[in-house]
Amino acid sequence: MVFTGAGISTESGIPDFRSADGLWSRFQPVTIQEFLYSDDARRRYWQYKRATWPLIAAAQPNPGHRAICELERRGQLQTLITQNIDGLHERAGNTPQLILELHGSEHFVLCLSCGLRIDRTSVQQRLDAGEEIPSCASCGGWLKPATVSFGQSLPAEVLERAFHECTSCEALLAVGSSLSVMPAAQLPVVAKRHGAWLGILNREPTPLDDLADWVCHESAGAVLAEAVGGSELEE
Ligand code: NAD
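Note that the structure is a prediction, hence the values are computed from the model and not measured.

A.B. asks: Looking at this model, I keep getting lost on the overall build of the chain. Mind explaining?
C.D. replies: The helix and strand inventory of the chain stands at eight helices and nine strands. For 235 residues, the compact-globule estimate of 2.2 N^0.38 gives 18 Å, and the chain sits close to it at 18 Å. In terms of overall dimensions, the chain has C-alpha extents of about 50 × 35 × 35 Å along its principal axes. Scored against the burial criterion, the 235 residues of the chain give a buried share of 49%. Long-range contacts, defined here as pairs at least 24 residues apart, represent 65% of the contacts in the chain between residues at least 6 apart.

A.B. asks: Whenever I open this one, the sheet that holds strand β3 (residues 99–101) confuses me. Can you help?
C.D. replies: One key point about sheets: their strands pair by backbone hydrogen bonds, in either a parallel or an antiparallel sense. Pairing is parallel in the open sheet, where six strands are placed in the order β3-β2-β1-β7-β8-β9. Edge positions in the sheet fall to β3 and β9 (214–216), since each of these pairs with one other strand and no more. Sheet twist, expressed as the average angle between the axes of neighbouring strands with direction ignored, equals 15 degrees. Strand direction decides the pairing type here: strand β1 (residues 2–4) and strand β2 (residues 80–82), joined by three bridges, are parallel.

A.B. asks: Just checking my understanding: could you explain the packing of helix α3 (residues 63–73) against helix α8 (residues 220–227) for this structure?
C.D. replies: Angle between the axes and distance between the axes are the two parameters that describe a pair of packed helices. Running from amino to carboxyl end, α3 crosses α8 at an angle of 30 degrees, the nearest separation of the two axes being 7 Å. In terms of axis orientation, α3 runs roughly parallel to α8. For the pair α3 and α8, the crossing hand works out as left-handed. From α3, Pro63, Gly64, Ala67 and Ile68 reach across to α8, where they touch Gly221, Leu224 and Ala225. Looking at the contact of α3 with α8, its residues break down into five nonpolar, two polar and no charged.

A.B. asks: What's the story with the side chain of Asn84 in this structure? I'm lost.
C.D. replies: Structurally, the position occupied by Asn84 is in the loop between β2 and α4 (88–92). Side-chain polar atoms of Asn84 contact the backbone nitrogen of Ala6, separated by 3.0 Å.

A.B. asks: What am I meant to see in the environment of Ile81 here?
C.D. replies: The residue Ile81 is located in strand β2 in this model. When near neighbours in sequence (up to four residues on either side) are disregarded, Ile81 contacts Met1, Val2, Phe3, Thr4, Leu100, Leu102, Ala162, Cys166 and Leu187.

A.B. asks: Explanation requested: the nonpolar core in the structure shown.
C.D. replies: Generally speaking, nonpolar side chains in soluble globular proteins are found buried as a group. In terms of nonpolar packing, the biggest core is built from 24 residues, with Phe3, Ile81, Leu102, Cys166 and Leu172 touching the most fellow members. Those elements that place two or more of their residues in this core are α6 (156–166), β7 (171–175), α7 (187–193) and β8 (197–201). With four residues, the top contributor of residues to this core is α7. Counting 16 residues, the second largest nonpolar core, distinct from the first, contains Leu80, Val175, Leu201 and Val228.

A.B. asks: How should the sheet that holds strand β6 (residues 143–147) be read in this particular structure?
C.D. replies: Across the sheet, three strands lie side by side as β5-β4-β6; this open sheet has antiparallel pairing. One side of each edge strand has no neighbouring strand; the edge strands of this open sheet are β5 (117–119) and β6. On average, each strand axis in the sheet is tilted by 45 degrees relative to the strand beside it, whichever way the strands run. One ladder, built from three bridges, connects strand β4 (residues 104–111) with β5; its direction is antiparallel. Across the sheet, the residue bridging to Val109 is Ile118, located in β5. Contacts between helix α5 (residues 120–128) and the sheet are confined to β4, β5 and β6, with β5 contributing the most and set at about 70 degrees to the helix.

A.B. asks: Where do I start with the packing of helix α2 (residues 39–58) against α5 in this structure?
C.D. replies: Where α2 meets α5, the axes come as close as 11 Å, and the angle between the chain directions of the two elements is 120 degrees. Our pair here, α2 against α5, has a crossing hand that is left-handed. Each of Trp46, Lys49, Arg50, Trp53 and Pro54 in α2 lies in contact with α5, whose residues at this interface are Arg120, Thr121, Val123, Gln124, Leu127 and Asp128. In terms of residue class, the contact of α2 with α5 is built from five nonpolar, two polar and four charged.

A.B. asks: Explain α3 to me, please; I cannot follow it from the model alone.
C.D. replies: An α-helical turn contains 3.6 residues, so a residue and the one three or four places further along point in the same direction. Of all 11 residues making up α3, 10 are buried, and the element is well covered by its neighbours. What α3 keeps buried is the set Pro63, Gly64, His65, Arg66, Ala67, Ile68, Cys69, Glu70, Leu71 and Glu72. N-capping of α3 is provided by Asn62, with a side-chain oxygen placed 2.7 Å from the backbone N of Gly64.

A.B. asks: Just to check I follow, could you spell out the state of the cysteines for this structure?
C.D. replies: Covalent bonding between the sulfur atoms of two cysteines defines a disulfide. According to the stated counting rule, one finds zero disulfides in the structure shown. The thiol sulfur of Cys166 is not disulfide-bonded, and the nearest other cysteine sulfur, from Cys169, lies at 5.3 Å. A relative accessible area of 0% means that Cys166 is categorised as buried. Of all cysteine sulfurs, the one in Cys169 lies closest to Cys216, which takes part in no disulfide; the gap is 20 Å.

The rules behind these values
- Every residue gets a number counted from 1 within its own chain, in the order that chain's sequence is written.
- Local features are withheld for residues below a pLDDT of 70 in this predicted model, meaning they are given only at 70 or higher, and side-chain atom pairs are given and counted only at 80 or more; totals for whole chains, interfaces and linings count all residues.
- Hydrogens and water are ignored here; the side-chain numbers use all heavy atoms of the structure.
- Under the scheme used here, helices are H or I runs from DSSP no shorter than 4 residues and strands are E runs no shorter than 2 residues, and both carry numbers assigned from the N terminus.
- Based on C-alpha atoms, the radius of gyration is set beside the globule rule, defined as 2.2 Å times the residue count to the power 0.38.
- Three labels apply to residues, based on accessible area from a 1.4 Å probe with only protein chains included: buried if under 20% of the type maximum, exposed if over 50%, partly exposed otherwise in between.
- We call two residues contacting when some pair of their heavy atoms lies within 4.5 Å.
- Here the rule is simple: two strands pair whenever DSSP picks up at least two bridges between them.
- A fitted line through C-alpha atoms represents every axis, and for helices the fit uses only the stretch in contact; the resulting angles, taken between N-to-C directions, go from 0 to 180 degrees.
- Reported orientations rely on four angle classes, namely roughly parallel under 35 degrees, roughly antiparallel over 145, roughly perpendicular from 65 to 115, and oblique for the rest.
- Note: crossing handedness is left-handed where the near helix turns anticlockwise from the far helix by less than a right angle, and right-handed where it turns clockwise.
- Basically, the charged four are Asp, Glu, Lys and Arg, the nonpolar ten are Ala, Val, Leu, Ile, Met, Phe, Trp, Tyr, Cys and Pro, and anything else, Gly included, counts as polar.
- By the criterion applied in these results, polar contacts are pairs of N or O atoms within 3.5 Å in which, for protein atoms, one can donate a hydrogen and the other can accept it, and in which residues neighboring in sequence qualify only through two side-chain atoms.
- The set of buried Ala, Val, Leu, Ile, Met, Phe, Trp, Tyr and Cys residues whose side-chain atoms join them within 4.5 Å is what this entry labels a nonpolar core.
- The disulfide criterion is simple: two cysteine sulfur atoms within 2.5 Å.

Printed below as a string of structure tokens:
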């Protein structure tokens, strides 16, 4: 089992949240409650989404993503749980059915009233044309990327499956996550309690380092590429 966070995608040019140069140093997060009740919050939210989408849309999988895809190709990957919303694991070639996206996906937008699903690029075009708070063309409801905001519950079915998988895996490798966001950070703990080997690959120390069987504080791409056999995964 591999469990990834924002750190696996920094080498693809997408900043994480909590590093010194992470996104929270530039944008203040908007909770779902603020989004639902205030025009000002909706405006700020979409300004942030408009500024970060070009990075996500243009990002390419890096050697870390490709190494995890190689694990699947070799039959060594049971499930890939990710907190990321950038879709880079799928772009790297991992089978969508094996990927559990705990925080949803930035690649499409949902109407919060009627559930209409819209391609993210078309909403970006509307923002670029001057629309500040996009609404649903069909029912007038608020549009929001299909991601989990602060204050919003994680999709129950996906979370349940993730915890279930953690009870049966032989090994769990956590990559590029500060392991500080609950309940996702509990997944490695559950795997360990059920007898799994636990590895943590993260540039900085995490609160779970003492629990792990293997800890490496280096950049994910090079370490993972070397672990699965190296240079042929470089572009
Ligand atoms: P986080 O920002 O809390 O932690 C990221 C960790 O990755 C940090 O501890 C940092 O030291 C480490 N890191 C950064 N670059 C690294 C690298 N190249 N190699 C190894 N480690 C590296 O991220 P998190 O734990 O995933 O927190 C969760 C939230 O961040 C989620 O809600 C997720 O949806 C969101 N997020 C996702 C993306 C994305 O989809 N790419 C980007 C930013 C934030």
